[in-house]
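For reference, the chains in residue letters:
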Amino acid sequence: MQHIRTIGLGALTLALALPLQAQQDSADKSWVSDDITTFVRSGPTDGYRIVGRLAAGAPVTVLDTSGDYTQVRSEGGDEVWVPSSDLQQTPSAQARVPELEARVETLTSELAGINSTWDGRLGSLNETLEIREKRIAQLEKQNNELATEADAAQARVRQLEAHLNTEEKDLLMRYFIYGGGVAGAGLLLGLIVPHLPRRRRRNANWF
């Protein structure tokens, strides 16, 4: 049981130590300024000889500081001194290039997906709009045809009404003529009949 507790405490200590170590490593990380390639020396003053140089933006690990110089370890493992003013705490552009490229690739992929989505929506909207425009054109055509038929029907009705009025006038004229003829014939008979000779009755005593 005691052995298990020891293992547990050791694991907990290691778990707590790892973030602290990572934080310390992150705090000790620096980069050579983006706009300068700096010469490095074997010691922390200008009196020490130049032993090489570090490229602009190169990542280094800070080991110590003395006066205006900082001791760093390069990616190649060399421990040298550089002017503190030639270092920066933020990642250099060179160090951020892979991250920026990854972000650009991600954003490009997202943008392609958005473009594809909007292209699909726009295509659907265009298709729907085209269908609606065709439907509107069909309805306008039908409306024009119905308006033409209505005009033709109204013209036919006016023509039939005019023809009916003419027939009514002709019929009334015929009635007047017929009635006048009957009345004239009756009057004429009334004048003629009284003047017709009457036949005498034979005398019953005649043999």
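Just so it is clear, the model here is predicted, and its values are computed rather than measured.

Helix and strand counts for the chain stand at two helices and seven strands. Listed by position from the N terminus, the elements making up the chain come as α-β-β-β-β-β-β-β-α. Sorting the 207 residues of the chain into buried and exposed places 13% on the buried side. Looking at the chain alone, contacts between residues at least 24 apart form 47% of all its contacts between residues at least 6 apart. Counting every atom, the chain has about 17,400 Å² of accessible surface; 58% of that belongs to carbon and sulfur.

Another point: the pairing of strand β1 (residues 29–32). Pairing of β1 with strand β4 (residues 59–66), which is carried by three bridges, proceeds in the antiparallel orientation. For Trp-31, the partnering residue across the bridge sits in β4 and is Pro-59. As judged from the two bridges shared by β1 and strand β7 (residues 87–88), these two strands associate in the antiparallel manner. Looking at the pairing, Val-32 lines up with Leu-87 of β7.

According to the stated counting rule, one finds zero aromatic pairs in the structure shown. Over the aromatic face of Trp-118 sits the side chain of Arg-121, whose NZ or CZ is 5.2 Å from the ring centroid.

What follows is about the side chain of Ser-33. Its location among the elements puts Ser-33 in the loop between β1 and β2 (38–41). Overall, Ser-33 belongs to the buried group, its relative accessible area being 9%. In this view, Ser-33 contacts Ala-56, Gly-57, Ser-85, Asp-86, Leu-87 and Gln-88; residues no more than four positions away in its chain are not counted.

Our focus in this paragraph is the pairing of strand β5 (residues 69–73). The two faces of a sheet get side chains in turn, since along a regular strand they alternate between them. Buried residues dominate β5, accounting for four of its five residues. Bridge analysis of β4 against β5 gives five bridges, and the strand direction is antiparallel. By the bridge assignment, Asp-64 is partnered in β5 with Gln-71. Hairpin remark: β4 followed by β5, antiparallel, with two residues in the connecting loop; positive phi at Gly-67, about 60°. Of the pairings in the sheet, the one linking β5 to strand β6 (residues 79–83) comprises five bridges and is antiparallel in character. Each residue of the ladder has a partner; that of Val-72, found in β6, is Val-80. Between β5 and β6, which pair antiparallel and follow one another directly, the connecting turn spans five residues, one of which, Gly-77, has a positive phi of 95°.

So, on to the side chain of Asp-86. By the secondary structure assignment, Asp-86 is in the loop between β6 and β7. Ignoring sequence-local partners within four residues, the contact set of Asp-86 consists of Trp-31, Val-32, Ser-33, Ile-36 and Thr-38.

A complete count under the given rule lists two salt bridges for this structure. Put simply, Arg-73 and Glu-79 hold a salt bridge, and the shortest N to O gap is 3.2 Å. Classification of Arg-73 as partly exposed rests on a relative accessible area of 32%. Relative accessible area serves as the criterion here: at 47%, Glu-79 is assigned to the partly exposed category. Its salt-bridge partner being Glu-130, residue Lys-134 comes within 3.8 Å of it at the nearest N-O pair.

Scoring rules and cut-offs
Residues numbered from 1 in each chain as written. Predicted model: local features only at pLDDT ≥ 70, side-chain atom pairs only at ≥ 80, totals over all residues. Heavy atoms only, no water. Helix = DSSP H or I, 4+ residues; strand = E, 2+ residues; numbered from the N terminus. Buried < 20%, exposed > 50% of the residue type's maximum accessible area, 1.4 Å probe, protein only. Contact = heavy atoms within 4.5 Å. Areas by Shrake-Rupley, 256 points an atom, 1.4 Å probe, with all protein chains shown as cover. Pairing = 2+ DSSP bridges. Phe/Tyr/Trp six-rings, centres within 6.5 Å; stacked < 30°, edge-to-face > 60°. Lys NZ or Arg CZ within 6 Å of the ring centre and 35° of its normal. Salt bridge = Lys/Arg side-chain N within 4 Å of Asp/Glu carboxyl O.

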